[in-house]
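Here's the letter readout for the chains.
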Amino acid sequence: MSISSPLLTPTASGSSTPVVSDRKASWAPQTRNPVSQRVYKVLSTNFDDEETRQALRTLSELYASPVPKGKEVQNVSAEDADEDFGQEGAAVGVDTSSNAALTESIPGESAARARKNLRRDMENKLAEGSKKFLEALGEVDSKLRELQAHVAAMRASCDEAETQLALTNESSKMLLERAGHLRDERQDVEDKKSIITLFLARFTLSDSEVEAMTSREVPVGQRFFEAMDKTERIREDCRVLMSGEEGPTKAGLEIMAWTSTHLEQGYEKILRHCSNEFRQIGRDAQLEVAPGMREAVSRLRKRPELLTEALTSLSETRQATLLSAFINALTRGGPSGYPRPIELHAHDPMRYVGDMLAWVHQAIAAEREFLESLFGVKSDGRMVGSVRRFDSKGEEEEWIRELMDLAVGKLCVPLKMRVQQTIRSQESSIVSYKIANLLQFYLMTMRRTIGEEALLSTTLKEITDIAYKVFYDSIQTQSEALARVPLDHDDPSLTPPLAILDHAQILREVMSVYQSSLLGDEDQDDVNEGFHQVLDIMVDPVVTMCISRSEEKKKARPRWDVAVFVLNCLCYLQTVLASFDFTAKKQAEIRTILDQRISILTNEHSANVLQDAGLLQVAEACRNRTTSEPLSRIPSTQLADLQRALRRFSQWLSGLEVVHSPRLAQLTVQKLHSQIHQAALARLAKTYRMICEEVKKPENRYEAASTLLGTERPFGQIHLLWQIFGLEEEESSSEEEDDDDDDDDDEGESEDDSDEKS
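Treat the numbers as computed from the prediction; the structure is a model and nothing was measured.

## Here's the deal with the overall build of the protein chain
Stage number 1. Scanning the protein chain for helices and strands turns up 25 helices and 2 strands.
Stage number 2. Residue burial in the protein chain is summarised as follows: out of 758 residues, 38% are buried.
Stage number 3. Of all intrachain contacts in the protein chain linking residues separated by at least 6 positions in sequence, the fraction that spans at least 24 positions is 73%.
Stage number 4. Here the protein chain displays about 45400 Å² of accessible surface, and carbon together with sulfur accounts for 52% of that area.

## A short note on empty space enclosed by the protein
The gaps left among the atoms become clear once a water-sized probe is rolled over them.
Stage number 1. Per the counting criterion, the structure on display carries 3 cavities of 30 Å³ or more.
Stage number 2. Along the walls of the second largest cavity sit N528, E529, H532, L535, F582, T583, K585 and K586, which together make up its complete lining.
Stage number 3. Taken together, the elements giving at least two residues each to the lining of the second largest cavity come down to helix 17 (524–556) and helix 19 (584–613).
Stage number 4. Here the element with the most residues in the lining of the second largest cavity is helix 17; it accounts for 4 residues.

## Considerations on a nonpolar patch on the surface
Stage number 1. Taken together, the side chains of V140, L144, L147 and V151 define a hydrophobic patch exposed on the protein surface, amounting to about 340 Å² of accessible area.
Stage number 2. Here L147 lies in helix 5 (residues 109–203).

## A closer look at the packing of aromatic side chains
Stage number 1. For the coordinates displayed, the defined rule picks out 15 aromatic pairs.
Stage number 2. Ring centres of F531 and F582 lie 5.1 Å apart, and the angle between their planes is 70°; this geometry places the pair in the edge-to-face category. Taken as a pair, F531 in helix 17 and F582 in the loop between helix 18 (562–577) and helix 19 lie far apart in primary sequence, 51 residues in all.
Stage number 3. For F531, a relative accessible area of 0% gives the class buried.
Stage number 4. Taken together, the ring pairs connect Y433, Y468, F471, Y472, Y514, F531, F580 and F582 into an aromatic cluster.

## Quick word on the pattern of salt bridges
Stage number 1. Evaluation of the coordinates by the stated rule reveals 24 salt bridges.
Stage number 2. R145 serves as the salt-bridge partner of D141, at 2.3 Å between the closest nitrogen and oxygen. Linking D141 with R145, this pair stays in helix 5, spanning 4 residues, or about one helical turn.
Stage number 3. Its relative accessible area of 32% is what places D141 among the partly exposed residues.
Stage number 4. A salt bridge links R663 to E604, with the nearest nitrogen and oxygen atoms 2.8 Å apart. Of the two residues, R663 sits in the loop between helix 21 (639–653) and helix 22 (670–696) while E604 sits in helix 19, which places them 59 residues apart along the sequence.
Stage number 5. Taken together, the shared-partner salt bridges in this structure form one network comprising D536, D540, K586 and E589.

## Comments concerning the packing of helix 9 (residues 291–300) against helix 11 (residues 349–375)
Stage number 1. Taken N-terminus to C-terminus, the directions of helix 9 and helix 11 make an angle of 70°; their axes are 7 Å apart at the nearest point. When the interaxial angle is binned, helix 9 and helix 11 end up roughly perpendicular. Along its contact with helix 9, which presents M293, R294 and V297, the element helix 11 presents S373, L374 and F375.
Stage number 2. Here the contact of helix 9 with helix 11 is built from residues that sort into 4 nonpolar, 1 polar and 1 charged.

## Examining the environment of V431
Stage number 1. Note on placement: V431 falls in helix 14 (residues 429–450).
Stage number 2. Residues V431 and M350, spaced 81 residues apart in sequence, show a C-alpha to C-alpha distance of 7.5 Å.

## What about the packing of helix 14 against helix 16 (residues 498–517)?
Stage number 1. Viewed as axis vectors pointing N to C, helix 14 and helix 16 meet at an angle of 10°, and their least axial separation amounts to 10 Å. The orientation of helix 14 with respect to helix 16, classified from their angle, is roughly parallel. Counted together, S429, I430, Y433, K434 and N437 of helix 14 and I506, E509, V510, V513, Y514 and S517 of helix 16 form the full contact between these two elements.
Stage number 2. Here the residues of the contact of helix 14 with helix 16 sort into 6 nonpolar, 3 polar and 2 charged.

## Concerning a negative patch on the surface
Stage number 1. Together, D184, E185, D188, E190 and D191 give the surface a local cluster of negative charge.
Stage number 2. Assignment of secondary structure puts E185 in helix 5.

## Brief notes about helix 12 (residues 395–407)
Stage number 1. For helix 12, spanning 13 residues, the distance from its first C-alpha to its last is 18 Å, which sits close to the expected 18 Å at 1.5 Å a residue.
Stage number 2. Of the surrounding secondary structure, the elements contacted by the buried residues of helix 12 are helix 10 (304–331), helix 11 and helix 14.

## Describing the confidence of the model for the protein chain
Parts of the model with low pLDDT should not have their predicted coordinates read in detail.
Stage number 1. Summarising the model, the protein chain shows a mean pLDDT of 77, and 81% of its residues fall at 70 or more.
Stage number 2. When pLDDT is averaged over each element of the protein chain, helix 13 (residues 412–424) comes out on top at 92 and strand 1 (residues 7–10) at the bottom at 36.
Stage number 3. Below pLDDT 50 for its whole length, residues 1–30 participates in 33 contacts with residues either more than four positions away or in separate chains.

## Here's the deal with the nonpolar core
Stage number 1. Counting residues in each nonpolar core, the largest one holds 127 residues, and the members touching the most others are F278, L374 and L456.
Stage number 2. If we ignore the near neighbours within four places in the chain, the residues touching L456 are V360, I364, D405, V408, C412, L415, M446 and I450.
Stage number 3. Among the nonpolar cores identified, the runner-up in size contains 36 residues, and L615, A645, A680 and Y688 belong to it.

## A few points about helix 21
Stage number 1. With 15 residues, helix 21 should cover 21 Å at 1.5 Å per step; its first-to-last C-alpha distance of 21 Å lies within 8% of that length.
Stage number 2. Among all positions in helix 21, only L642, A645, L646, F649, S650, W652 and L653 are buried. Summarising the axial view, the buried residues of helix 21 lie within an arc of 160°, below the 170-degree limit, and thus occupy one face.
Stage number 3. Lining the buried residues of helix 21 we find helix 19, helix 20 (616–624), helix 22, helix 23 (705–710) and helix 24 (718–725).

Rules used in this analysis
Residues numbered from 1 in each chain as written. Predicted model: local features only at pLDDT ≥ 70, side-chain atom pairs only at ≥ 80, totals over all residues. Heavy atoms only, no water. Helix = DSSP H or I, 4+ residues; strand = E, 2+ residues; numbered from the N terminus. Buried < 20%, exposed > 50% of the residue type's maximum accessible area, 1.4 Å probe, protein only. Contact = heavy atoms within 4.5 Å. Areas by Shrake-Rupley, 256 points an atom, 1.4 Å probe, with all protein chains shown as cover. 1 Å grid on protein atoms, 1.4 Å probe; cavity = no way out; pocket = protein on both sides within 12 Å on 5 of 7 lines; lining within 4 Å. Points joined across faces, edges and corners; volume = space filled by probe spheres on them. Patch = residues over 30% accessible without salt bridge, like charges linked within 9 Å, V, L, I, M, F, W, Y side chains within 5 Å. Salt bridge = Lys/Arg side-chain N within 4 Å of Asp/Glu carboxyl O. Phe/Tyr/Trp six-rings, centres within 6.5 Å; stacked < 30°, edge-to-face > 60°. Axes fitted to C-alpha atoms, helices over the stretch in contact; angles between N-to-C directions. Parallel < 35°, antiparallel > 145°, perpendicular 65-115°, else oblique. Nonpolar A, V, L, I, M, F, W, Y, C, P; charged D, E, K, R; others polar. Lys, Arg positive; Asp, Glu negative; His and termini not counted. Charge placed at Lys NZ, Arg CZ, Asp CG, Glu CD. Expected span 1.5 Å × (residues − 1). pLDDT = per-residue confidence, 0-100. Core = buried A, V, L, I, M, F, W, Y, C linked by side-chain atoms within 4.5 Å. Arc of directions from axis to C-beta.

Encoded structure:
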């Protein structure tokens, strides 16, 4: 049978609603058949709902067991089947898909049975479940009744026990109170015992600690220092306790007195230990300080009088040890004869004095290192020879300085005696100065190491002053002897004599020694002043000797050139001094004298050049004319005389003296030769220009002045004369400068005369 019906779509409420498609189906049913309605209903059921699925699973599990054979299905009416099917629409389909183990003998048998017996089966299930609940609750009720009976019995027992407990508490109350009081008293006693134990442990010394501080059998060591530290700590804590409002207590006073006695015994023990150790190590050449000794000295610093007593013994021991070692170094030398005795080098004064001072300096360095280790002073990183700042140090530095001064104090006498004997026996001023500089160096070193007030520093200061006095006396004697040395009248040479050369060589060596003695950190003014006295003693007599002796020789040899000789000697002295920076002041003094002498020689040479050129008389007539009479009427400047002078000047220009002066050739410094000769030629050119200008003036009444000047070289052309001299024309100046030069010449001559008189 063919069935045509529209598609059914389930709504949200679970009912089916016909949905008409876009095309009208020609097979739509025209009658309402019950079978078709049932089919439509099944087809329109929505199986996507989770609740529907869960219901189907429950039914599937309910009817999962197969039907036994021989049991017939009860007949149900069509209405009941329809109703059952309508409530459980797809039971058959779900049962087939969810339980594959189910086997049906007749197709649709399970579904039919489900539709038929569903209501009854549900009611049976509910009834069975209710029966089980009732049975279980019955058992629970019986158990609760038994529990209630037990609780009632327990409550009765607890009431009885509580009554008995109350009676017992009443009867034991007094006993408990007595036990509580006893327990409190016991706790108080324990607390007092603990306090007393702690007090005794903190404020008393044990027998072992007392023995360590007072017994001579126990050495000074870590155990002793720990006992002293504890004693100090007890006294400090006791002072805190005694500073309360109630004032000092009897126990506090007794503790202070008791610890004071033991502490003083401990310091006396340290003093005996240090004194013994100082007497032992003071005799040793190799000084080493043990940590225990350093700690003992640190403890004694709290008792300055005890420390002074101990250090006094150390100082006395070190004085005797160092003096004996110094004498042995002088006479016996080192162990096994090496190093050799210092006095074996007494023939070499520099080495002899240097070895003695070096030994003393080494002894001081070792002594300071020992004392710094003894007092626990850290090194300040001071370089050797640098200034030690004593003001910034503390008490330790004062102790070290005093002990060092005392240790080397006895060395001053033998050192001073031997050094003075060596100084006074020297004849060479150079050796005397070297020794003096060596002493000055060690004096500065000692001052920077042990201070200026130390005995060794003052001794070295006295020795140094004596050495410099011997040196100054030596060079003073040499300078005075040099001033008395006469010049050889038969020697025509203008170079410095042998006496001056020897004296200058000594001066050069002395300056080299002084320069090598500088440390490099001195102020430049102090460096210059430190050698100025030596320069005054050694240089000034040379200058005086050059001038005075040359004047005496000029009287014996009229052709003796004083000016050139003096310039050669002064230039040589200037060359000797120029190699050293600290002679700048003396060089300036010599330069002033040189400038004066150069000016004098320049004036003399200019006058000689004018005389040799034949223009001197003409120039003097032009400059010294006082009347209004024309130059052509003056005898020395008449026409014939003027022509003769110009002719001689022309001949002189053709000679060698224009480029070279025989007199100036004696100068040892070629630069001075060129300087003086060029200055003389410049003055000659200015003089020739002045003569030409005077000749050309109409009031002097020279006929054909231009023709007169043009007959001889340089033909009245000033620039041509500058070219002949090889000078630049810019060096020529106005007539005012020429007049100034003439005035300078006169002043130079007057100064020369004054110098000669002096």
